[in-house]
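# Structural description and commentary
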Amino acid sequence: MTNPDPQTCEVKIEGNWRPVSLAEAVSRYAMAMKRCPACHGRVSINGAYSGPALRRTMTHRKAHWGCPQDPKRYSGMPSPHPQALS
């Protein structure tokens, strides 16, 4: 399992998962399904969407102890999300 850029997620575009920045996921693919590039769990994009501080974060819809992208919950042992999207 890789530890990708925290400002990137995967978006399902025309049936394929493609890595995109969180900014692009919000602006171009707002209605598309998004997943974590590390554990493949479903995610949502949160943060400020206007103003000078455009900081976005990716949040797992269901918490998962095996994802290095979630340092608050990460157990140290990477594993796929139990509800991984394929």
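Details of the structure are given in the entry above.
In short, a report on the structure.

How each quantity is defined
Residues numbered from 1 in each chain as written. Predicted model: local features only at pLDDT ≥ 70, side-chain atom pairs only at ≥ 80, totals over all residues. Heavy atoms only, no water. Helix = DSSP H or I, 4+ residues; strand = E, 2+ residues; numbered from the N terminus. Buried < 20%, exposed > 50% of the residue type's maximum accessible area, 1.4 Å probe, protein only. Contact = heavy atoms within 4.5 Å. Areas by Shrake-Rupley, 256 points an atom, 1.4 Å probe, with all protein chains shown as cover. Core = buried A, V, L, I, M, F, W, Y, C linked by side-chain atoms within 4.5 Å. Pairing = 2+ DSSP bridges.

To continue, consider the overall build of the protein chain. A tally of helices and strands in the protein chain yields 1 helix and 5 strands. Scanning the protein chain from its N terminus toward the C terminus, one meets helices and strands in the order β-β-α-β-β-β. Expressed as a percentage of the 86 residues in the protein chain, the buried residues total 37%. Contacts in the protein chain between residues at least 24 apart in sequence constitute 39% of all its contacts with a sequence separation of at least 6. For the protein chain, the accessible surface area stands at approximately 5400 Å², while carbon and sulfur atoms represent 53% of it.

Okay, the environment of Ser 86 next. The residue Ser 86 is located in the segment after strand E5 (56–60) in this model. Not counting chain neighbours up to four residues away, the residues in contact with Ser 86 comprise Lys 12, Trp 17 and Arg 35.

Turning to the nonpolar core, a few remarks are in order. Core analysis: the biggest nonpolar cluster contains 14 residues, and Cys 9, Val 11, Val 20, Cys 36 and Met 58 have the highest contact counts within it. Elements that contribute at least two residues to this core include exactly strand E1 (8–13), helix H1 (22–27) and strand E4 (43–47). Per-element accounting of this core gives the leading share, 3 residues, to E1.

Extensive coverage of E1 is indicated by the burial of 5 of its 6 residues. As paired strands, E1 and strand E2 (residues 16–21) are joined by 6 bridges and run antiparallel to one another. Each residue of the ladder has a partner; that of Thr 8, found in E2, is Ser 21. Counted between consecutive antiparallel strands, the loop separating E1 from E2 contains 2 residues, among which Glu 14 sits at a positive phi close to 55°. Both E1 and strand E3 (residues 34–35) contribute to a ladder of 2 bridges, which runs antiparallel. Bridging from a neighbouring strand, Val 11 pairs with Lys 34 of E3.

Even without being glycine, Glu 14 reaches a positive phi, approximately 55°. Note on placement: Glu 14 falls in the loop between E1 and E2. Judged by relative accessible area, Glu 14 falls into the exposed class, the value being 72%. At His 40, a position not held by glycine, the phi torsion is positive, near 70°. With respect to the element layout, His 40 can be found in the loop between E3 and E4. A residue is classified by how much of its surface remains accessible, and His 40, at 27% relative accessible area, is partly exposed.

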